[in-house]
Amino acid sequence: MLSLLILLLNLTNHAFGQNPAIKAILSNKGLQYGSHIGADWMQEKIGSVIIPDVRGGVDIGIGTVHYVLDGISVSGCDVPEPSVEFYEGVGLKAVISGLSISMSGNWHTRFGIITDGGSFDLAVFNVDVTSVVQIGSDQSGHISISSENCDASVGEASINFHGGASLIFQPFVSLFHHRIKAIIEERICPLVEEHVTDLERHLSEMQVSFKVNSALVLDVPLTNSPLVDSISLGLDLKGEFYSVQSHTDPPFKAEPFNLPEDKGHMLSLGLSEFTVNSASYAYFSAGLLQAQINDSMVFLPLNKIFLNALFHSSQLPKLFPNMLMELQVYARNVPIFSFQADKVTMEFPGAVKAFAIQPNASRTPLFKLNVDSIFSGMIRISEEKLKGLVELSNFTLTLASSEVGTFQVGFTLNYWFLFVAAKLEEGIVLPTMHHIHLVNPALKIQQV
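Not measured: the values here are computed from a predicted model.

Asker: A description of the nonpolar core should follow, citing residues and the corresponding values.
Answerer: Counting residues in each nonpolar core, the largest one holds 72 residues, and the members touching the most others are Leu69, Met103, Phe120, Leu122 and Ile184. Of all the elements, helix H3 (residues 170–204) adds the most residues to this core, at 9 residues. Those residues in contact with phenylalanine 120 that lie beyond four places of it in its chain are Leu69, Asp70, Ile72, Met103, Ser104, Gly105, Asn106, Trp107, Ile159, Asn160, Phe161 and His162. Counting 14 residues, the second largest nonpolar core, distinct from the first, contains Val352, Leu369, Val371 and Leu397.

In structure tokens, the structure reads:
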């Protein structure tokens, strides 16, 4: 049951006082899927658990037999799928009924000066465990878990001793069945609490910022404590991208938004405009929204493209006949995304600088064009990334400066569109949880 927290919760820190840019809602369907996976995890975990030595004494009427059980290992277990539900205002409640475990080990006894020993096989049947785990946050700001309540009972315990010839220990064998049952019941909940503590320590040591590619870091601290009701678990995350080069906040804030729960899916994930725009700002501030275009990258020499497109008032043909050209295409400000019903728009304030390539390979500046574009299109999820299919809905081209005389601009710069479309097609990596991947995702765009 504890594996659900590893599978379904990701580490976050607190960033109270901020609006979340990413919201996540785990539905009951997702919880039950985690429960199914958790049963397999528990089967493996129980098989490798380290069982401490058991020491005690049993009064057999003529004295006390002191015993030690050591070298105990789990030889088999049957873990039924746990029943797990959200526990409103607390966290999770898990119930396992009918758990069976078989163990083996060594036994040693001492009765006065008489000692004996051998091996044993132990089978425990119909073990029932009920555990309530509280989900909250600790003082350091991580998601915290703690054992709120635990109850355990053992239906039957059967033990067979092997070796040891003294008849004086035969009463010990029959009396020990009841004793070992009580010992196991006493040990179950402390073991559960120990695993909860280990998981809490594991969560507290995890990173809160994740490098998603060579340029971006995603910061996902909690902005509020986890919200648990009877049907879901909700997480509010900061959801801000930063440049790998510098941890600089963008000049805009996240706005509040609501994420409707979809009970038909395991997980609902909502991203606001802030998350996407913070990625745009990170790319821009790192100087990555630019490209160099030369003759080797186009189907016609750049000089012919521009000479055919520009009016003849330009001095370009006279000053640089038969020249090679190079274009620097870049964003002159942060591209801004906005979400509308079923589509996304992006305003891209860009620019193009043209250079003539001299015989000595030096560059001579020619002119600068401002390119103001508005793109619109659909967003899809592919390969666990947000990707865009865009169309150019508005395009304005103006002459910003010129070293070759004034001229009027009257052509469509298809390469600009291809540059922007290529950047969007690269996609933004979606945050994912440990060992969990999106299957058959459904994406819907809403206007806040």
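Asker: Mind laying out unusual backbone geometry, listing which residues take part and the relevant values?
Answerer: Positive phi outside glycine occurs at asparagine 126, with the angle close to 55 degrees. Note that asparagine 126 resides in strand S6 (residues 114–137). Unusually for a residue other than glycine, alanine 361 sits at a positive phi of about 75 degrees. Summarising the element assignment, alanine 361 is placed in the loop between strand S17 (343–357) and strand S18 (363–382).

Asker: Please provide a residue-by-residue account of a nonpolar patch on the surface, values included.
Answerer: On the surface, Tyr33, Met266, Leu267 and Leu438 cluster together into a nonpolar patch covering about 320 Å² of accessible area. Within the secondary structure layout, methionine 266 lies in the loop between strand S12 (240–243) and strand S13 (267–271). Judged by relative accessible area, methionine 266 falls into the partly exposed class, the value being 33%.

Asker: Tell me about the state of the cysteines, and name the residues and values.
Answerer: Within the structure shown, the criterion is met by 1 disulfide. Disulfide pairing places cysteine 150 opposite cysteine 189 at an S-S distance of 2.2 Å. As the torsion about the S-S bond is roughly -85 degrees, the cysteine 150-cysteine 189 disulfide counts as left-handed. Residue cysteine 150 is located in strand S7 (residues 143–162), and its partner cysteine 189 is located in helix H3; the two are separated by 39 residues in the primary sequence. Take cysteine 150: its relative accessible area is 13%, and that puts it in the buried class.

Criteria and thresholds
- Residues numbered from 1 in each chain as written.
- Predicted model: local features only at pLDDT ≥ 70, side-chain atom pairs only at ≥ 80, totals over all residues.
- Heavy atoms only, no water.
- Core = buried A, V, L, I, M, F, W, Y, C linked by side-chain atoms within 4.5 Å.
- Buried < 20%, exposed > 50% of the residue type's maximum accessible area, 1.4 Å probe, protein only.
- Helix = DSSP H or I, 4+ residues; strand = E, 2+ residues; numbered from the N terminus.
- Contact = heavy atoms within 4.5 Å.
- Patch = residues over 30% accessible without salt bridge, like charges linked within 9 Å, V, L, I, M, F, W, Y side chains within 5 Å.
- Areas by Shrake-Rupley, 256 points an atom, 1.4 Å probe, with all protein chains shown as cover.
- Salt bridge = Lys/Arg side-chain N within 4 Å of Asp/Glu carboxyl O.
- Disulfide = S-S within 2.5 Å.

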